[in-house]
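A closer look at the structure
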Amino acid sequence: MKRFAVVSLAVLMLLTAFAPAANAQDVIEVRSSVFNGTDIDDIIDTYGNGTILPIDGSRFPIFYYDIDDNVSTEIVLIVDVPGTENNIIGEGGLIYITTIQPIGYEYENPAAGWDNYSIIGFGAQIAVPLKPDRADKFAGIVLDSDDKYTLRTGETLELGQGYSLEAKQVDVNGEKVWLQFNRDGEYVDDEIISVAGGNTTGSTWDVELDDIEDEDDVVVLRVHVNQVFQGAVDSIAQIEGLWLIDYANSRTIESDDEFGELDDVAILGPALRLTNEDTITLTRDSTDKILENVSFRTADTGSDVLRFYLMKEIKEPGIHVIGGAASFSANNFTWDASSFAGFFYDLDDNIETESLSVSNIDGNVIPEGNLVYETRIEKVDYEYFNADEGWDQYPVIGFFAEEYVPLKENRAEKLSKLVLDSDEKYTLRTGEILELGENYSLEAKQVDVEGEKVWLEFTRDGEFVDDEIISVATTTGSNTTASTWDVELDDIEDEDDVLVLRVHVNQVFQGAIDSIAQIEGIWLIDYANARTIESDDEFGKLDDVSIQGDTLTISNENTFTLSLDSEEEIAEGMFFKIGDTPVEELRYFPFVVRILGEINETTGLPEVNGTEMGENETQPGENVTETSGENGTEEQAEEEIEEETEEETAGNDTAGGETEEEGEGTPGFGIVPGLVGLLAVVYLYRRKN
C-alpha cells in the first residue's frame, strides 16, 4: 500500500506471542518532545528562535504525518508575547493551526480519478474536510484501502462504523454490477457500475450526499470496481479501491467554540487558528487541557525549573502505534526518549534509559554493527515518596520501549515488569482482597484488638506467597520503617533476596463494627514472569548482545535492509516504517505497538498514519467471500479474478518526535516555516497596534 497501510500479519503473531510481556494497559500516553529550562522564556530561546517555539509532527508524534508524501497539517506555537514569563503563557501566546493538505489515495490510479484527496488534522485526530477549501467542516475517515474484495451477488461488505456495501446483481454479460450503499442496514444510495471496454472513470462510483453539515454534493464514498464476472454458478464483482468518510458523525467548528484553553477561534478558509484569550499557567505537577485530546503535562519541579511536554491520552481499546522522529536521509541518526515517545521516560525526575542509533547507511542498507540499541539502569522516585520511611528511589530500565525493574540494581540482564507504583490510599476491611494486577493480590486477614497491627497476606493466582504483621504503633513518637512491609523472595531468575513487593500501612482501626487497615504506598513487580538476558540471545534483527554491569547494548551482526514501502522488525515489539520513496530520498522512523484491552486473532492492526478521526479504524468485516473456485465456480473465474486475502486496516495517528540531529527534512518542514512566518507577522502586527 502507498502509505503505512497495515503492519503485516507476522507483526500480530509477534504481538500475540509477547502479549503477556506487553501487559495490556488501560491508558496510553503519547507525548511530545520534552521542553526543559529555567522558565518559559528560556525554553522558547532554547527550543525555538527566541520568539516562537513550534511544536509540529516532528516534536509531537500524535499529530498526523504522512511519511510517503511528507505531509503534516497541525502545529502548536508558543509565542513570546507580553505576559509570557516564568511558567505563564501570555494572552494570545499559545496558537494552534491546522491546514488542509492533499495526500494520495491508497488505491493510486490517476487515470480512474484516484489521485489525491484532502485531509486535515484536528486535536491530533485525522479527518477529511467536507469541502477542500474550508477547514471548519469535516468528518472522520473510516476507510482508505487498495485491498481487493470479492463480492458474490447478495453478499455484504462491512466497511466499518455501521456502513456497508452490497452486491445486488451482476448483468448477464458480466460487464456491470449493481451495488447498494447502506448505513446501519438502511438504504443510502445505489448505482450500476460498468467495466465494459476498458472503462476507467466509469468503473468508479462516487456517492455524493446533500445536507451534510448544510453542505451539498459531499463525496462520502468512493468505490472502484476492478472486474465483474458472470459464471455458470457465481456472479462476482471484484472491488479494488475503497474510500469512505463517517459523514453521519461530521462536525462544524464555529467561531465562538471553545476548546480547553484555546477559546479564540479563527476560520481562515483552508486553515483553522485557535489561540488563548486568557493567560495559561503551566502549573507544576499537573495536566492542563488546551485542546480536544491534547494537554500540557508539567513536571513536579522547583520554581527554578520548568519542564513539560504536550500529551494525548488514548483510551480506546485496540492496537495502537507510537512512532518516533523521522530520519530524512542516510545520515547518522539517534533516537532517545525525546525523539521517540515509545521509549521509557520519567518527567518528574527527567530520567530516560534507552537509545537507538543508526550509522554509516549505504543507500538503504545498515551495515553490520551499525544498528545499536542501548539501555541502562537509572533511579526514579517512588510515587509514594517518603524518604524517612525508606520510600525514596528504586531502579528502572527501559527494554525495547517497556518499563522494567532490574532484580539487582547494578545488573541490567535480569529484569521484571513493574506492575504497580502507587501513592493512592486503599482502605481494606478484614477479609477483603485488594487486586494489584497481573493476578497478584493483598488480603487484610485480621486487625489486632488494640487497633495497632494488621495481618496482611500476599497471594498470586490465589496461592499464598507471604504474610506479615505490620505495626503502626508509636512508642517513641513515631514509627517509620516498621509500617512498611518488604516482601523479598529467593530463586527469582537464580537471584535471592529479591524485593518484589512493598506495602506501607498508614493507619489501622479497630471499631465496634469494622476492622480496617489503610494502605498508602504500594510497589510491585511481576517477579513470576521475570526474564534473564543472555549474551547469545537474539532479538529480531538485533543479535549481538553485550552485558556490562548496568548497561545492555545490542547490535546487528548482519546487514539490515530498510526495504522501501515496508515495515521491518528491529526487535521484539519495535519496528521501522520506511517510506515509499526513491532510495536517495530515504525516509523512515521507528515505532512500537501498544495494546489496550484484550486482543485475539481477528483484532485489526493499526496504521501509523491513521485514517480515522479517533484512535482505531474499523476494518471491513469478516463476512466477505474471497475469490475462490469453490462451489463449482468456473476456471475462468479463477483465472480472471485473483484470490486475495482481506487485509485489515486501522487508523492511528503518529509521527516523529524531535532529535538533536533533526535536519531540514523533519516532518512538516514544508509547512512549518510558512506557518511560523505567518504567525510572526500576526505577532508583530498585534504588537504594533
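Residues numbered from 1 in each chain as written. Predicted model: local features only at pLDDT ≥ 70, side-chain atom pairs only at ≥ 80, totals over all residues. Heavy atoms only, no water.

Quick notes on the sheet that holds strand 40 (residues 453–460)
- With respect to topology, four strands assemble into an open sheet ordered 38-39-40-41, the strand pairing being antiparallel. Because the sheet does not close on itself, it has two edges, and the strands there are strand 38 (433–437) and strand 41 (463–471). When strand polarity is set aside, the average angle formed by the axes of neighbouring strands in this sheet is 25 degrees.
- Relative to strand 40, strand 39 (residues 440–447) runs antiparallel, the two being bridged by seven bridges. Residue Tyr440 lies in a different strand from strand 40, and its bridge partner there is Arg460. (Pairing = 2+ DSSP bridges. Helix = DSSP H or I, 4+ residues; strand = E, 2+ residues; numbered from the N terminus. Axes fitted to C-alpha atoms, helices over the stretch in contact; angles between N-to-C directions.)

A look at the pattern of salt bridges
- A full pass over the atoms with the stated rule returns 25 salt bridges.
- The salt bridge partner of Asp461 is Arg460, with a shortest N-O separation of 3.4 Å.
- Judged by its relative accessible area of 43%, Asp461 is partly exposed.
- The partner of Arg502 in a salt bridge is Asp486, with the nearest N and O atoms 2.6 Å apart. (Salt bridge = Lys/Arg side-chain N within 4 Å of Asp/Glu carboxyl O. Buried < 20%, exposed > 50% of the residue type's maximum accessible area, 1.4 Å probe, protein only.)

Re the packing of aromatic side chains
- Using the criterion set out here, one finds 37 aromatic pairs in the structure.
- Centre to centre, the rings of Tyr163 and Phe181 are 5.9 Å apart; their planes meet at 15 degrees, and the pair counts as stacked. Here Tyr163, found in strand 14 (residues 163–170), pairs with Phe181, found in strand 15 (residues 176–183); they are 18 residues apart in sequence, far enough to count as distant. Across the pair, exposure class does not vary: Tyr163 and Phe181 are buried alike.
- Seen in terms of ring centroids, Phe399 and Phe539 are 5.6 Å apart; in terms of plane orientation they differ by 85 degrees. Their pairing is edge-to-face. Highlighted residues: Phe399 in strand 35 (residues 391–399) and Phe539 in the loop between strand 45 (531–532) and strand 46 (544–548), separated in sequence by 140 residues. The exposure classification of Phe399 matches that of Phe539, with both residues buried.
- Connected via pairs of aromatic rings, a cluster forms that spans Phe340, Phe343, Tyr373, Phe399, Phe400, Tyr404 and Phe539.
- Taking the ring centre of Trp114 as reference, the NZ or CZ of Arg222 above it sits at 4.6 Å.
- Positioned above the aromatic ring of Phe560 is the side chain of Lys541, whose terminal nitrogen or guanidinium carbon lies 4.7 Å from the ring centre. (Phe/Tyr/Trp six-rings, centres within 6.5 Å; stacked < 30°, edge-to-face > 60°. Lys NZ or Arg CZ within 6 Å of the ring centre and 35° of its normal.)

Remarks on the environment of Asn226
- Note on placement: Asn226 falls in strand 18 (residues 218–230).
- A relative accessible area of 25% places Asn226 in the partly exposed class.
- The spatial distance from the C-alpha of Asn226 to the C-alpha of Lys148 is 8.6 Å, given a sequence separation of 78 residues.
- Looking at Asn226, its side chain comes within polar contact range of the side chain of Glu240, at 3.4 Å. (Polar contact = N/O pair within 3.5 Å; in protein donor to acceptor, adjacent residues only side chain to side chain.)

Focus: the sheet that holds strand 22 (residues 271–275)
- As summarised here, the arrangement of the five strands in space is 3-6-8-22-21, forming an open sheet in which the pairing is antiparallel. Single-partner strands in this sheet number two, and they are strand 3 (52–55) and strand 21 (264–268). Averaged over all pairs of adjacent strands, the angle between strand axes in this sheet comes to 20 degrees, irrespective of strand direction.
- Sheet topology places strand 3 next to strand 6 (residues 74–79); four bridges connect them, and they run antiparallel. Along strand 6, the bridge assignment pairs Ile55 with Val76.

Digging into helix 3 (residues 40–47)
- For helix 3, every residue scored as buried is listed here: Ile40, Ile43 and Ile44. Buried residues of helix 3, viewed axially, fall in a sector of 100 degrees; they line one side.
- Residues of helix 3 that are buried sit in contact with strand 2 (35–37), strand 3, strand 6, strand 7 (88–89) and strand 26 (306–314).
- N-capping of helix 3 is provided by Asp39, with a side-chain oxygen placed 3.3 Å from the backbone N of Asp41. (Arc of directions from axis to C-beta. Contact = heavy atoms within 4.5 Å.)

Quick notes on unusual backbone geometry
- The phi angle at Ala124 is positive, at roughly 65 degrees, despite the residue not being glycine.
- One can find Ala124 in the loop between strand 10 (114–121) and strand 11 (126–131).
- The buried category is assigned to Ala124, whose relative accessible area is 0%.
- Even without being a glycine, Asp214 presents a positive backbone phi close to 70 degrees.
- Among the secondary structure elements, Asp214 is positioned in the loop between strand 17 (204–209) and strand 18.

Let's talk about the pairing of strand 24 (residues 286–291)
- Relative to strand 25 (residues 294–298), strand 24 runs antiparallel, the two being bridged by five bridges. From the neighbouring strand, Thr287 faces strand 25, where its bridge partner is Arg297.
- In sequence, strand 24 turns back onto strand 25 through a hairpin of two residues, with Asn293 there showing a positive phi of about 75 degrees.

Examining the environment of Glu409
- You can see Glu409 is positioned in the loop between strand 36 (402–408) and strand 37 (411–429).
- With a relative accessible area of 49%, Glu409 lands in the partly exposed category.
- Here the alpha-carbon distance between Glu409 and Val396, two residues 13 residues apart in the chain, equals 8.2 Å.
- Here Glu409 is in contact with Ile377, Lys379 and Pro395, once residues within four sequence places are set aside.

Re the confidence of the model for the protein
- Mean pLDDT over the protein: 83, with 81% of residues reaching 70 or higher.
- For residues 475–479, every residue scores under 50 in pLDDT, and the model assigns this stretch five contacts once sequence neighbours within four places are set aside.
- Note that pLDDT drops below 50 for residues 600–689; the model gives that stretch 282 contacts with residues more than four away or on any other chain. (pLDDT = per-residue confidence, 0-100.)

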